[in-house]
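One letter stands for each residue in the lines below.
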Amino acid sequence: MHSFKITNQFLLDDEPFTILSGAIHYMRVHPSDWHHSLYNLKALGFNTVETYVPWNLHEPKPGVFDFSGSIDLAAFLDEAASLGLYAIVRPSPFICAEWEFGGMPAWLLRQHDMRPRSSDPKFLAHVAHYYDHLMPILVSRQIDKGGNIIMMQVENEYGSYCEDKDYLRAIRRLMVERGVSVPLCTSDGPWRGCLRAGTLIDDDVLCTGNFGSHAKENFEA
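To keep things clear, this report deals only with the structure shown in the data block. Note that the structure is a prediction, hence the values are computed from the model and not measured. (Residues numbered from 1 in each chain as written. Predicted model: local features only at pLDDT ≥ 70, side-chain atom pairs only at ≥ 80, totals over all residues. Heavy atoms only, no water.)

Here we take up the sheet that holds strand β1 (residues 4-6). Reading across the sheet, the 3 strands line up as β1-β2-β3 and stay open at both edges, with antiparallel pairing between neighbours. Looking at the sheet topology across the chains shown, the edges are occupied by β1 and β3 (15-16). (Pairing = 2+ DSSP bridges. Helix = DSSP H or I, 4+ residues; strand = E, 2+ residues; numbered from the N terminus.)

Structural data, given as structure tokens:
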């Protein structure tokens, strides 16, 4: 059983650990190529794989869930573990990821009196029902449960969309209530407005930034 925690640095089994992570989205790669892709990631010197989780593929119709075949998230994470790779999982209701409707199911739009991606209780009820099916897959594979997941993300680039701390806290609460115990993070653009709106620093959620260039300046921000 391993432990992963944060002081002023990341610690794996109480030893300093640097996360070197690369993204492989299981839903974009055929399962027959998962091993080869993950093997190459490790061969490049990475120790962690990161992936989004698209809600619309896993609940294509209300109450109909699918975690099999080409979207067998458990099998993908287990394949990574077999190669000695840790995992960062981003199971936000909204993933962006250049994915239709940010990965949220289109059937949500039929409920005209509901506001998706907000603290609207009707939307949160749908997220809770989805998490009831998703989180057991992830919770059992956390590093403190003998698995390889070292971190999960709360929402995605929410600071570029809105400022609703009640919503962000609700998503965090839904995850924790279902057994998520690894460190949590948010991810936003590294400028003041996005970081102010999209982070949950006061709730022990790590603040991370998305950017494509100018790393020195963006890390300073």
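For the rest of this paragraph, the subject is the sheet that holds strand β4 (residues 21-23). If you trace the 6 strands from one edge of the open sheet to the other, you get β4-β5-β6-β7-β8-β9, paired in parallel fashion. Of all the strands in the sheet, the pair left with one neighbour each is β4 and β9 (206-209). Mean inter-strand twist for the sheet, computed between neighbouring axes without regard to direction, equals 30°. Judged from the 4 bridges that link them, strand β8 (residues 184-188) and β9 form a sheet pairing that is parallel. Note on β9: the bridge partner recorded for Thr186 is Cys207. Running at roughly 170° to strand β5 (residues 48-52), helix α3 (residues 73-82) makes contact with β5, β6 (86-90) and β7 (149-153) of the sheet. (Axes fitted to C-alpha atoms, helices over the stretch in contact; angles between N-to-C directions. Contact = heavy atoms within 4.5 Å.)

This part takes up the side chain of Arg141. Relative to the helices and strands, Arg141 is located in the loop between α4 (121-139) and β7. Classification of Arg141 as buried rests on a relative accessible area of 18%. There is a polar contact of 3.1 Å between the side chain of Arg141 and the backbone oxygen of Ile137. Sequence-distant contacts of Arg141, defined by excluding residues within four places in its chain, comprise Ala74, Leu77, Asp78, Gly147, Asn148 and Ile149. (Buried < 20%, exposed > 50% of the residue type's maximum accessible area, 1.4 Å probe, protein only. Polar contact = N/O pair within 3.5 Å; in protein donor to acceptor, adjacent residues only side chain to side chain.)

Here we take up the side chain of Ser92. Here Ser92 is to be found in the loop between β6 and α4. When neighbours within four sequence positions are excluded, Ser92 is seen to be in contact with Val53, Tyr131, Gln153, Glu155 and Asn156.

Their axes nearest at 10 Å, the elements helix α1 (residues 34-43) and α3 cross at an angle of 40°. With respect to α3, the element α1 is oriented oblique. Pair α1 / α3 crosses with right-handed handedness. Contacts from Trp34, His35 and Leu38 in α1 reach Ala75, Phe76, Glu79 and Ala80 in α3. (Parallel < 35°, antiparallel > 145°, perpendicular 65-115°, else oblique. Left-handed = near helix turned anticlockwise from the far one by under 90°.)

Here helix α5 (residues 165-177) contains 13 residues, and its C-alpha end-to-end distance of 18 Å stays within 8% of the 18 Å for a straight helix at 1.5 Å per residue. On its buried side, α5 packs onto α4, β7, β8 and α6 (192-198). Two to three positions downstream of the cap, the backbone nitrogen of Asp166 sits 3.2 Å from a side-chain oxygen, assigning the N-cap of α5 to Asp164. (Expected span 1.5 Å × (residues − 1).)

Once that is clear, we can look at the nonpolar core. Judged by nonpolar contacts, the single largest core of 65 residues is most densely connected at Tyr131, Leu134, Leu138, Ile150, Met152, Ile171 and Met175. Those elements that place two or more of their residues in this core are α1, β5, α3, β6, α4, β7, α5 and β8. (Core = buried A, V, L, I, M, F, W, Y, C linked by side-chain atoms within 4.5 Å.)

Okay, α4 next. Most pronounced at Asp132, the bend in α4 amounts to some 40°, and the proline Pro136 follows within four residues. When we look at burial in α4, the residues that qualify are Phe123, Leu124, Val127, Ala128, Tyr130, Tyr131, Leu134, Met135, Ile137, Leu138 and Val139. Packing partners of the buried residues in α4 comprise α2 (55-58), α3, β6, β7 and α5. A side-chain oxygen of the first residue of α4 lies 2.9 Å from the backbone nitrogen of Lys122; this N-cap is Asp120. (Bend = angle between axes of the 7 residues up to and from the residue.)

Take the packing of aromatic side chains next. Summed over all chains, the structure comprises 13 aromatic pairs. Ring centres 5.4 Å apart and planes at 80° place the aromatic pair Trp34 and Phe76 in the edge-to-face group. Placement of Trp34 in helix α1 and of Phe76 in helix α3 is noted, with a sequence separation of 42 residues between them. As far as burial versus exposure is concerned, Trp34 and Phe76 are alike and both buried. Their ring planes at 85° and their centres at 5.3 Å tell us that Phe211 and Phe219 sit as a pair that is edge-to-face. A connected cluster of aromatic rings, assembled from ring pairs, spans Trp55, Trp107, Phe123, Tyr130, Tyr131, Tyr158, Tyr161 and Tyr167. Just above the ring of Phe94 sits the side chain of Arg117; from NZ or CZ to the centre is 3.6 Å. Taking NZ or CZ as reference, Arg117 lies 4.5 Å from the ring centre of Tyr161, over its face. (Phe/Tyr/Trp six-rings, centres within 6.5 Å; stacked < 30°, edge-to-face > 60°. Lys NZ or Arg CZ within 6 Å of the ring centre and 35° of its normal.)

Bringing the pairing of β8 into the picture now. Burial analysis of β8 places 5 of its 5 residues in the buried class, the great majority of the element. As paired strands, β7 and β8 are joined by 2 bridges and run parallel to one another. Residue pairing for β8: Met152 is matched across the bridge by Leu184. In this view, the connection linking β7 to its parallel neighbour β8 by way of α5 has right-handed handedness. Taken together, β8, α6 and β9 constitute a β-α-β crossover, and its handedness is right-handed. (Right-handed = clockwise from strand over helix to strand, strands pointing away.)

In short, shape yes, function no, at least from these values alone.
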